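Coordinate analysis (summary)
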Amino acid sequence: MKNFKWLLLFILSLTWGSSFILIKKALLGFSPMEIGALRIIFAGIILFFIGIKKFKHIDKKHWKPLFIVAIFGTFFPVFLFSYAITEIDSSIAAVLNSLTPLITMVLGVFFFNFSFSKKQALGVFIGLFGTLLLLYQNALANPTKNHLYAFLIFIAATGYAFSVNYLKKKFKDLDTVSITSATFTLLIPFAIIVLSFSGFFERDLTEKINYTSLGYVIILAAIGTSMAMLLFNKLIQISSPVFSASVSYLITLVAVAWGVFDGEKLGWTQCLAAGLIIWGVVIAQKKKSTK
């Protein structure tokens, strides 16, 4: 089980770390509203067929908590990330997303009665320091960017952190597929409404810029959303909330690597920050013998 959670962490890092560059590429043709809505719709349809047989086994008491998780952990973050990347680099968005473990720890302690070891806290703060160092260096390299949009990432990260703790607290008796499929299925009608007001249906999808962007969104929904959320919810169930949220540190490394591939520069300071982030993940996974 210990090795399996590390395998899940690695796969999630690759899939979610690649999501930022996919959003960036999709924005060349689509608006943030279109990307967010399409992402939810495509992912929702895929997950609906995966989990439809399990819906009848979900108790009525679970549907309200599932809707709360869907709104705060999926719906709003999907749109917030798309809007943020219109003004800040995709790698910066990933860096800011790595605040999630720290927010998870704070929310868990103050609102969900979770306890964390000193080693976990140390790992979170080491990773956070590496994150801030990487953010500072990128801000120096891109002084003309509107970094106020970074606040949108902070709000999205808070939504993720809330969901991590809420899932751990409320859904110990519900399997991963049921949770993920139900939350996305609940969001499909809302996403369709948003898409109908976005101007998407007036677009000419035969134009290269549009169908290329649509392709990026489909990949994003199928792999970076559907598959990733299934794996993430499984990770939450077999590990601690802080370890689960620590995936955001490794996501940062993957996203920065994609940024370099896309033409962004990486200096020794960024390499140092990346090393601190990895170190933080290793330390943060240390937990007490009892949960």
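Located above this text is the structure these notes cover.
Residues numbered from 1 in each chain as written. Predicted model: local features only at pLDDT ≥ 70, side-chain atom pairs only at ≥ 80, totals over all residues. Heavy atoms only, no water.

1. A word on the overall build of the chain
The condition is simple: Elements are defined by DSSP. Helices are runs of H or I of four residues or more, strands are runs of E of two residues or more, and each kind is numbered from the N terminus. Radius of gyration here uses only the C-alpha atoms, and the compact-globule reference equals 2.2 Å multiplied by the residue count raised to the power 0.38. Three labels apply to residues, based on accessible area from a 1.4 Å probe with only protein chains included: buried if under 20% of the type maximum, exposed if over 50%, partly exposed otherwise in between. Contact criterion: two residues are considered in contact whenever any of their non-hydrogen atoms come within 4.5 Å of each other. Where accessible areas are quoted, they stem from the Shrake-Rupley method and a 1.4 Å probe; at the residue level, only the protein chains shown are allowed to cover. Residues counted as positive are Lys and Arg, residues counted as negative are Asp and Glu, and His and the chain ends are not counted. We put the charge of a Lys on NZ, of an Arg on CZ, of an Asp on CG and of a Glu on CD.
Broken down by element type, the chain carries twelve helices and zero strands. In terms of overall size, the chain behaves like a compact globule, its C-alpha atoms giving a radius of gyration of 18 Å where 291 residues would be expected to give roughly 19 Å. The buried share of the chain, taken over its 291 residues, is 56%. Long-range contacts, defined as pairs at least 24 residues apart, comprise 91% of the intrachain contacts of the chain with a sequence gap of at least 6. Accessible surface computed for the chain: about 13,500 Å², of which carbon and sulfur atoms make up 71%. Between the mean site of the 26 positive side-chain charges and the mean site of the 11 negative ones, the chain shows a separation of 19 Å.

2. Here we look at the packing of helix H8 (residues 176-196) against helix H9 (residues 208-238)
In plain terms, the rule: A fitted line through C-alpha atoms represents every axis, and for helices the fit uses only the stretch in contact; the resulting angles, taken between N-to-C directions, go from 0 to 180 degrees. Throughout this description, any angle smaller than 35 degrees is read as roughly parallel, any larger than 145 degrees as roughly antiparallel, any in the 65 to 115 degree range as roughly perpendicular, and the remainder as oblique. Each helix crossing is assigned a hand: it is left-handed if the near helix lies turned anticlockwise from the far helix by less than a right angle, otherwise right-handed if that turn is clockwise. In this classification, the charged set is Asp, Glu, Lys and Arg, the nonpolar set is Ala, Val, Leu, Ile, Met, Phe, Trp, Tyr, Cys and Pro, and all remaining amino acids, among them Gly, are polar.
One way to put it is that H8 packs onto H9 with a least axis distance of 9 Å and a crossing angle of 135 degrees. As the angle between them shows, H8 and H9 are arranged oblique. The crossing of H8 and H9 is right-handed. Taking contact as the criterion, the partners of Thr176, Val177, Ile179, Thr180 and Phe184 in H8 are, on H9, Thr225, Met229, Leu230, Asn233, Lys234 and Gln237. Residues belonging to the contact of H8 with H9 are distributed by class as follows: five nonpolar, five polar and one charged.

3. A look at empty space enclosed by the protein
The condition that has to hold: Note on definitions: the grid is 1 Å and covers protein atoms alone; a cavity is a set of points where a 1.4 Å probe fits but cannot get out; a pocket is an open set with protein on both sides within 12 Å along at least five of seven lines; lining residues have an atom within 4 Å of a point. Grid points are joined across faces, edges and corners, and a volume is the space filled by probe spheres set on the points.
The full count for this structure, using the stated rule, is three cavities of 30 Å³ or more. Counted as a void, the largest cavity has a volume near 310 Å³. Going through the elements one at a time, helix H1 (2-26), helix H3 (60-84), helix H7 (150-170), H8, H9 and helix H11 (247-261) are the ones with two or more residues in the lining of the largest cavity. Broken down by class, the residue content of the lining of the largest cavity amounts to 15 nonpolar, ten polar and one charged. Space inside the second largest cavity adds up to approximately 70 Å³.

4. Considerations on the pattern of salt bridges
Inclusion rule: The term salt bridge refers to a side-chain nitrogen of Lys or Arg lying within 4 Å of a carboxyl oxygen of Asp or Glu.
Applying the stated criterion across every chain, the model contains three salt bridges. Between Lys25 and Asp262 there is a salt bridge, and its shortest N-O distance comes to 2.9 Å. Placement of the pair is Lys25 in helix H1 and Asp262 in the loop between H11 and helix H12 (268-284), with a sequence separation of 237 residues. For Asp262, a relative accessible area of 29% gives the class partly exposed. Ionic pairing is found between Arg203 and Glu34, a salt bridge with its closest N-O pair at 2.7 Å. With a gap of 169 residues between them, Arg203 in the loop between H8 and H9 and Glu34 in helix H2 (residues 32-51) connect regions that are remote in the sequence. Residue Arg203 is classed as partly exposed on the basis of its relative accessible area of 29%. The class of Glu34 is buried, set by a relative accessible area of 1%. When salt bridges that share partners are traced, they join Lys24, Lys25 and Asp262 into one network.

5. A look at helix H5 (residues 100-111)
As a reminder of what qualifies: Helices are assigned an expected span. That span is 1.5 Å times one less than the residue count.
Under the 1.5 Å per step criterion, the end-to-end length of H5 is 16 Å for twelve residues, consistent within 8% with the ideal 16 Å. Among all positions of H5, only Thr100, Pro101, Leu102, Ile103, Thr104, Met105, Leu107 and Gly108 are buried. Asn113 sits one or two residues past H5 and shows a positive phi near 60 degrees.

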